[in-house]
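So you can see what is in the structure, the chains are spelled out below.
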Amino acid sequence: MCSKLITRGDNNFIHIMDNAFKGHHLLYINALKRLPFVRDISREYTVSSNKTRLISYIRDRKRILNYALSQTQSNEILHLLFLDNLYTASIFMHIPEKVKMIGTLHHYPNCKKKEWLLKYLSKRLKFIIVHSEYIGKQLEAIQIRNYIVIDYPAFHSSNSGLNDPAKLREKAGIPGDKIVLSALGGTRYDKGLDILLDSLKYIDEDCKRKLLINIAGKEETFSDQFIIRKTENCGVDIRINLRFMSDEEFDQNIQLSDAIILPYRNVFTGNSGPMAEGVFRNKPIIATDFGNLGFLVNSHRLGYTFQSENSRSLAGVISNFIRNGWSISNKSETYREKLTLQNFLENHYNLYMKLGK
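Residues numbered from 1 in each chain as written. Predicted model: local features only at pLDDT ≥ 70, side-chain atom pairs only at ≥ 80, totals over all residues. Heavy atoms only, no water.

K.L.:
Is there a simple way to explain the sheet that holds strand E9 (residues 237–242) in this structure?
P.N.:
Picture the strands of a sheet paired through backbone hydrogen bonds; they go either parallel or antiparallel. Taken together, six strands build an open sheet; the order of strands is E9-E8-E7-E10-E11-E12 and the sheet is parallel. For this open sheet the edge positions go to E9 and strand E12 (303–306), each flanked by a neighbour on one side alone. Averaged over neighbouring strand pairs, the angle between their axes works out to 20 degrees when direction is ignored. Judged from the six bridges that link them, strand E7 (residues 179–184) and strand E8 (residues 211–217) form a sheet pairing that is parallel. Across the sheet, residue valine 180 finds its bridge partner in E8, namely leucine 212. (Pairing = 2+ DSSP bridges. Helix = DSSP H or I, 4+ residues; strand = E, 2+ residues; numbered from the N terminus. Axes fitted to C-alpha atoms, helices over the stretch in contact; angles between N-to-C directions.)

Given below as structure tokens:
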């Protein structure tokens, strides 16, 4: 298996590189390391996000690429796992022609300048991997055609079914008659937790009594005190657990939920880990109607969408879900089946094989 990828003795042929090891970055690395002949050359680098300090901004990104290239010989494959962090300095980067470089793009650029920089780099890459056909179509619209879609998987799928939702709720002190909507992951601004909190006051009173909002993940932009102040008179039960969750804890929070809620702002243009995990466990998704998330939920019938960044619209959708629920469909099941870790690995393996010929 995979013998076509060997070009020089017993050395590894595919090099995977990321500059961060937190959250989904580590899940991604550990998954791809399961494939034969993959060598993890990831090294943690801090990159400047201050574009007014142009020299350090460019230097940080060139340092990552130069390190990765130093670990990769001619005709080997170099896979940059987080292209988002690098392409904005692409015009200052030199990529040797004999290195077969590919990159995974998690978010579509949010301005014309970034689109141009990504297009510039794309001409030096063999392929760009994206996690949604929607993002692929956006790349086509700016004449980037060397992309391949590999769906973002449910990385925790191996644990699926090990925990009974009723027992998990009992352990968490959640009443069995509550409808649990979970907002999971770090409380970053772009993930729009404040939009969800603002919506609670607009939810129908009869629905409020049935509802519990489960907020769990690392404290970032929004603190527990902010959440408490926002919700103290909203009439909805709130469960707050702001800290870094282990993989098992994250999985348990998915499993005890009746739905996963994604109130993300329009600046978020990628896929969502909590969404993939929720879909895989047949949990309905309540998400913004904007961009990639809206496309996925609506086209695959994964749940409900609300008008982006509109708390009143979100409140109406939550009330609708509480009253009418959600049912699995052929479309949602077909999409769910695409999110297995096995599919993710097989698609990467096939791409590596194609490049290794």
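K.L.:
Explanation requested: the environment of leucine 86 in the structure shown.
P.N.:
Along the chain, leucine 86 turns up in the loop between strand E3 (77–80) and strand E4 (100–104). Separated by 28 residues in the primary sequence, leucine 86 and isoleucine 58 place their C-alpha atoms 9.0 Å from one another. Setting aside anything within four residues of it in sequence, one finds leucine 86 in contact with Arg61, Ile64, Leu80 and Met93. (Contact = heavy atoms within 4.5 Å.)

K.L.:
I'm lost on helix H14 (residues 341–356) in this one. Help?
P.N.:
An α-helix turns once every 3.6 residues. As a result, residues three or four positions apart point the same way. End to end, H14 covers 22 Å across 16 residues, agreeing with the expected 22 Å (1.5 Å per residue, within 8%). Inspection of H14 places Leu341, Phe344, Leu345, His348, Tyr349, Leu351, Tyr352, Met353, Leu355 and Gly356 among the buried residues, and these make up the whole buried set. (Expected span 1.5 Å × (residues − 1). Buried < 20%, exposed > 50% of the residue type's maximum accessible area, 1.4 Å probe, protein only.)

K.L.:
So what exactly am I meant to see when it comes to the nonpolar core here?
P.N.:
Membership of the largest hydrophobic core comes to 47 residues, with the highest contact counts inside it found for Leu32, Leu262, Met275, Ile285, Leu302, Phe344 and Tyr352. In contact with leucine 262, other than residues within four places in its own chain, are Ser272, Pro274, Met275, Ile285, Ile286, Ala287, Thr288, Leu293 and Phe306. Grouped together as the second largest cluster of nonpolar side chains are 32 residues, Val47, Ala89, Met93 and Met101 included. (Core = buried A, V, L, I, M, F, W, Y, C linked by side-chain atoms within 4.5 Å.)

K.L.:
Please explain the side chain of serine 308 as it appears in this structure.
P.N.:
By secondary structure assignment, the location of serine 308 is in the loop between E12 and helix H12 (311–324). Residues in contact with serine 308, not counting those within four places in the same chain, are Asn266, Thr288, Asp289 and Phe290.

K.L.:
What exactly am I supposed to notice about the sheet that holds strand E6 (residues 147–149) here?
P.N.:
The six strands lie next to each other as E2-E1-E3-E4-E5-E6, forming an open sheet whose pairing is parallel. In this open sheet, the two strands that pair with only one neighbour each are strand E2 (38–40) and E6. Across the sheet, the mean angle separating the axes of adjacent strands is 25 degrees when strand polarity is ignored. Pairing analysis gives four bridges linking E3 to E4, with the strands arranged parallel. Bridge assignment links histidine 79 to a residue of E4, and that residue is isoleucine 102.

K.L.:
What am I meant to see in the packing of aromatic side chains here?
P.N.:
The relative placement of two aromatic rings is captured by the distance of their centres and the angle of their planes. Using the criterion set out here, one finds 11 aromatic pairs in the structure. A centroid spacing of 4.6 Å and a plane angle of 65 degrees characterise the contact between tyrosine 264 and phenylalanine 268, whose relative ring orientation is edge-to-face. The ring of tyrosine 57 has arginine 61 sitting right over it, with the charged end atom 3.7 Å from the ring centre. (Phe/Tyr/Trp six-rings, centres within 6.5 Å; stacked < 30°, edge-to-face > 60°. Lys NZ or Arg CZ within 6 Å of the ring centre and 35° of its normal.)

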